[in-house]
Amino acid sequence: MDKQNAQMNAPHPGTNMPAGYPPQYPPAAFQGHPGYMGPQDAYPGTQVGYAGYAGGGPVGFPVQHQPVYNQPGGPAVVPWMPAPPPPSNCPPGLEYLSQIDQILIHQQIELLEVLTNFETNNKYEIKNSLGQRIYFAAEDTDCCTRNCLGASRPFTLRILDNMGREVMTLERPLRCSSCCCPCCLQEIEIHAPPGVPVGYVTQNWHPCLPKFTVQNDRREDVLKIVGPCLVCSCCADVDFEIKSLDEENVVGKISKQWTGLVREAFTDADNFGIQFPLDLDVKMKAVMLGACFLIGNILKDDM
């Protein structure tokens, strides 16, 4: 009997789970996309602007190390997505995107902003379709810019992984927000890791439709994003379709999700969903994340 209990309480081989916990993720969950050749060696040496970041992230973001389990009698804790083996040529920190085809973005409600209408730095939870956290995102903009320019403001958005390391930086410059002006339209630049551009999203002038072009790090056009003529919708989602360059084929979408009448009326905290092909390059998936934040701020500016 003692031998049987010892076997039951032994840690599960090949996992970091403590004794007594059943395996939570089947081996198939850690398999890469088609063509992936299996686990790779760790990154050699330190990465400039990435591995040297040892802080805990912006104030208000607790750093949790994976895996995270709910403790008996304690509050429910949202688990982090297990880190998959990084594919080849994958920027550090983007390996989480290699095995997902859907991203959920939930903006946190700021009580000070609700009560006083004082614009604070936005914070977001970024999750996969199972509700597991992938990243945290925190805006880094000064008080004067936030409250004077509102949703039209330029911003820097820092995206952190589960260790509190900055794996992506999104930079939105100050640009024109009117469809009457065909120049200096909206744009966002995506860096992964910080300081290394991986793509851009630029707004295209159109008299009726919100249109955007997704570009790679060499400024070459890769995909198009087309939104509806009316971006205000009550009790329904607002969908922006991700299309091929000729706009003939729809390959995904970015959706602003309806969050309920009370939340929509009294807060500016939004929820978004992104769908894209599973085999899309991880850099382009990161660019789609940037496109979602750009579209979100444009929608706030228009509403």
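All values derive from a computational prediction rather than experimental measurement.

Summarise the nonpolar core; cite the residues concerned and give the values.
Judged by nonpolar contacts, the single largest core of 50 residues is most densely connected at Ile105, Tyr135 and Ile225. Take this core: its biggest share by element is 13 residues, from helix α5 (residues 282-302). If we ignore the near neighbours within four places in the chain, the residues touching Ile225 are Pro210, Lys211, Phe212, Val214, Phe240, Glu241, Ile242, Ile254, Met288, Ala291 and Ile295.

Explain the sheet that holds strand β8 (residues 211-216) to me, and be specific about the residues and the numbers.
Here we have 12 strands rolled up into a closed barrel, ordered β1-β2-β3-β4-β5-β6-β7-β8-β9-β10-β11-β12, and antiparallel in their pairing. Strand after strand, the sheet turns through a mean of 20° between neighbouring axes, direction not considered. In this structure, strand β1 (residues 102-107) lies alongside strand β12 (residues 271-275), joined through 5 bridges in antiparallel fashion. Bridge pairing links His106 to Asn271 in β12.

Now, about the environment of Ala236: what can you tell me, with residues and values included?
Mapped onto the elements, Ala236 comes out in the loop between β9 (221-226) and β10 (238-243). With a relative accessible area of 32%, Ala236 lands in the partly exposed category. C-alpha of Ala236 to C-alpha of Trp258: the two residues are 22 residues apart in sequence and 5.5 Å apart in space.

Pulling in residues and values, what's your account of unusual backbone geometry?
Of all residues except glycine, most have a negative phi; of all peptide bonds, most are trans. The omega angle of the peptide bond from Ala192 to Pro193 is -5°, so this bond is cis rather than trans. Relative to the helices and strands, Pro193 is located in the loop between β6 (187-191) and β7 (197-204). One non-glycine residue with positive phi stands out, namely Glu247, at about 60°. On the basis of relative accessibility, which here comes to 27%, the residue Glu247 falls in the partly exposed class.

An account of the side chain of Gln186 is needed here, citing residue identities and associated values.
On the secondary structure map, Gln186 appears in the loop between β5 (166-172) and β6. A distance of 2.7 Å separates polar atoms of two side chains, one belonging to Gln186 and the other to Arg172.

How would you summarise the pattern of salt bridges if you had to cite specific residues and measurements?
Per the stated rule, a full pass over the model turns up 12 salt bridges. Notably, a salt bridge pairs Arg158 with Glu166, separated by 3.2 Å at the nearest N-O pair. With a relative accessible area of 9%, Glu166 lands in the buried category. Glu241 is the partner of Lys243 in a salt bridge, and the nearest nitrogen-oxygen pair spans 3.5 Å.

Tell me about the side chain of Asp161, residues and numbers included.
As for its placement among the helices and strands, Asp161 is situated in the loop between β4 (155-160) and β5. With relative accessibility at 3%, the residue Asp161 sits in the buried group. Within the structure, Asp161 has its side chain in polar contact with the backbone nitrogen of Met163 (distance 3.0 Å). Polar side-chain contacts of Asp161 include one of 2.9 Å to the backbone nitrogen of Arg165.

About the thresholds
- Residues numbered from 1 in each chain as written.
- Predicted model: local features only at pLDDT ≥ 70, side-chain atom pairs only at ≥ 80, totals over all residues.
- Heavy atoms only, no water.
- Core = buried A, V, L, I, M, F, W, Y, C linked by side-chain atoms within 4.5 Å.
- Buried < 20%, exposed > 50% of the residue type's maximum accessible area, 1.4 Å probe, protein only.
- Helix = DSSP H or I, 4+ residues; strand = E, 2+ residues; numbered from the N terminus.
- Contact = heavy atoms within 4.5 Å.
- Pairing = 2+ DSSP bridges.
- Axes fitted to C-alpha atoms, helices over the stretch in contact; angles between N-to-C directions.
- Polar contact = N/O pair within 3.5 Å; in protein donor to acceptor, adjacent residues only side chain to side chain.
- Salt bridge = Lys/Arg side-chain N within 4 Å of Asp/Glu carboxyl O.

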